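The chain contents come next:
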Amino acid sequence: MAQSNNVLVEVKDVKKEFVTSKSLLGKPQKIVHAVDNVNLKIYEGETIGVVGESGCGKSTLGRTILQLITPTEGQILYKGEDITGLRKEEMRQMRRKMQLIFQDPYASLNPRMTVLELIKAPLDAYKIGTEKERIQKVKEIMELVGMPENMMNRYPHEFSGGQRQRIVIARALVLDPEFVVCDEPVSALDVSVRAQVLNLIQDLKKTKKLTYLFISHDLSVVKYVSDRIAVMYLGKIVEVATKDDLYNHPQHPYTKALLSAIPIPDVDKKMKREILAGDVPSPLNPPKGCYFNTRCKYASDICKQKCPLLHDIGNGHLVACHLCDK
Ligand SMILES: Nc1ncnc2c1ncn2[C@@H]1O[C@H](COP(=O)(O)OP(=O)(O)O)[C@@H](O)[C@H]1O
Ligand SMILES: [Mg+2]
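Since the model is a prediction, treat every value here as computed from it, not as a measurement. Sequence order sets the numbering: in each chain, residues are counted from 1 along the sequence as written. In the order they appear in the text, chains get letters beginning with A and ligands get numbers beginning with 1. Only residues with pLDDT of at least 70 get local features here, since the model is predicted, and only at 80 or more are side-chain atom pairs given and counted; chain-wide, interface and lining totals rely on the full set of residues. With hydrogens and water excluded, all non-hydrogen atoms of the structure serve as input to the side-chain values.

Within this scheme a cavity is a closed region of a 1 Å grid, computed over the protein atoms alone, that accommodates a 1.4 Å probe without allowing it to escape, whereas a pocket is open but has protein on both sides within 12 Å along at least five of seven lines; lining residues each have an atom within 4 Å of a point. Grid points are joined across faces, edges and corners, and a volume is the space filled by probe spheres set on the points. Following the criterion strictly, the structure yields 1 cavity of 30 Å³ or more and no others. Its boundaries defined by the atoms lining it, the largest cavity holds a volume of some 80 Å³. Around the largest cavity, the lining is made up of 13 residues, and of these Pro253, Cys290, Cys296, Cys303 and Cys321 lie nearest the centre. Any residue outside Ala, Val, Leu, Ile, Met, Phe, Trp, Tyr, Cys, Pro, Asp, Glu, Lys and Arg is labelled polar, Gly included; the first ten of those are nonpolar and the last four are charged. Of the residues that constitute the lining of the largest cavity, the class distribution is 10 nonpolar, 3 polar and no charged.

Here it is as structure tokens:
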């Protein structure tokens, strides 16, 4: 594991609320608590996975860290520097170091641009090198992501989903970033090419010495790539642990339920399934106390009253659950 003790990114008490606009009928505004008081340290060289059901705030957290969305409260520190207060030009320079690879390669690639133009665009925007050097850089990065350079003058629609995702990855890495948020980077791909793209993402991390925040709703994908994993529920992080700790010794009842829902090919290892009762409550109106108490079969009085804080139960294993108090 390439993980160091240096904190690259620190998320401090970050909240993101979206205010829904008034409807035509003049219904009052509502507030979506998309990310609710999140604290997280991301260490240089690690891949930290973020997992949780759809709508739990994973993408909002990733985008808030990159400052593509301004947090309602809290700070993002990058190498100790608060980047939430940066001015536009300072943030533009900072953004070179922080990139996003996202899910849908169809939506994110302009169909009128060639592969060369698409991958070269960030170099143009930051005026890096001469035209010749930029083209050279594009060729190098294309090779690195496994795209033959003779495909440079083709258009996105001429490629398969897997190849388009390679273009997206090349474009995100062409500026030599340090930190990359991968937001469901293989979720839109056919199962047959998922492993290839995941392996590519893993290989690039090593060659380019990257740090990843890797978002997925798919626990098996997160398990494959992550050093540590953070589990989110209704905008909050409920558990953080190393991959082995999380899979072998999950503590939070929600994590346990999530894990027991994954199909296990090995029959001997099959654990008792814990079926999650009820639906995820609305982030418009999260429950009082622990957000998970409405679905938790262990919930007691305190769980209905007080929201548990994320605390260390040993060896950096963090849990937000009253029942896991130490
Ligand atoms: N721009 C927005 N305006 C209003 N609500 C939003 C916006 N973006 C996300 N949300 C809401 O915030 C919550 C978290 O969304 P998101 O971060 O996309 O979750 P995830 O990536 O885990 O599926 C959801 O309830 C979603 O509907
Ligand atoms: Mg998402």
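From this point, the narrative continues.
Think of it in three bands: with a 1.4 Å probe and only protein chains considered, a residue is buried below 20% of the maximum accessible area for its type, exposed above 50%, and partly exposed in between. Helix and strand definitions here come from DSSP, where helices need a minimum of 4 consecutive H or I residues and strands a minimum of 2 consecutive E residues; each element is numbered from the N-terminal end. Most of strand E8 (residues 211–216) sits out of view: 6 of its 6 residues are buried. Every second residue of E8 is oriented toward a common face, with Thr211, Leu213 and Ile215 on one face and Tyr212, Phe214 and Ser216 on the other, all of them buried. Relative to E8, strand E3 (residues 47–51) runs parallel, the two sharing 5 bridges. Residue threonine 47 lies in a different strand from E8, and its bridge partner there is tyrosine 212. Once the chain exits strand E7 (residues 179–183) it traverses helix H7 (residues 191–208) before rejoining the sheet at E8, and the crossover so formed is right-handed. Pairing between strands is defined by DSSP: at least two bridges between the two strands are required. Place the viewer so that the strands point away; then a crossover is right-handed whenever the path from the first strand over the helix to the second strand goes clockwise.

Turning our attention to the site of ligand 1. Throughout, the term near means that a residue has one or more heavy atoms lying within 4 Å of the molecule or strand in question. Taken together, Phe18, Val32, Ala34, Glu53, Ser54, Gly55, Cys56, Gly57, Lys58, Ser59, Thr60 and Pro283 make up the full set of residues near ligand 1. Within the backbone of glycine 57, one N or O atom sits 3.1 Å away from an oxygen atom of ligand 1. Interatomic distance of 2.8 Å between a side-chain N/O atom of serine 59 and an oxygen atom of ligand 1. Burial of ligand 1 by the protein amounts to 61% of the accessible area it has alone, namely 560 Å². Looking at the shell around ligand 1, the elements that each hand over two or more residues are strand E2 (30–43) and helix H1 (58–65). Broken down by element, the residue count for the shell around ligand 1 peaks at 3 residues, all from H1. Residue composition of the shell around ligand 1, grouped by class: 5 nonpolar, 5 polar and 2 charged. The definition of a polar contact used here is a pair of N or O atoms within 3.5 Å, where within protein one atom must be able to donate a hydrogen and the other to accept one, and adjacent residues in sequence count solely through side-chain atom pairs. With residues, only the protein chains shown are counted as cover, and all accessible areas are computed by Shrake-Rupley using a 1.4 Å probe.

Think of a nonpolar core as a cluster: buried Ala, Val, Leu, Ile, Met, Phe, Trp, Tyr and Cys residues, connected wherever their side-chain atoms sit within 4.5 Å. Core analysis: the biggest nonpolar cluster contains 38 residues, and Ile119, Met142, Ile167 and Ile169 have the highest contact counts within it. Secondary structure elements with two or more residues in this core: helix H4 (115–125), helix H5 (131–144), helix H6 (161–173), E7, H7, E8 and helix H8 (219–225). Per element, the largest residue contribution to this core is 6 residues, and it comes from H6. Core analysis: the next-biggest nonpolar cluster, separate from the first, contains 30 residues, Val35, Leu40, Tyr78 and Met94 among them.

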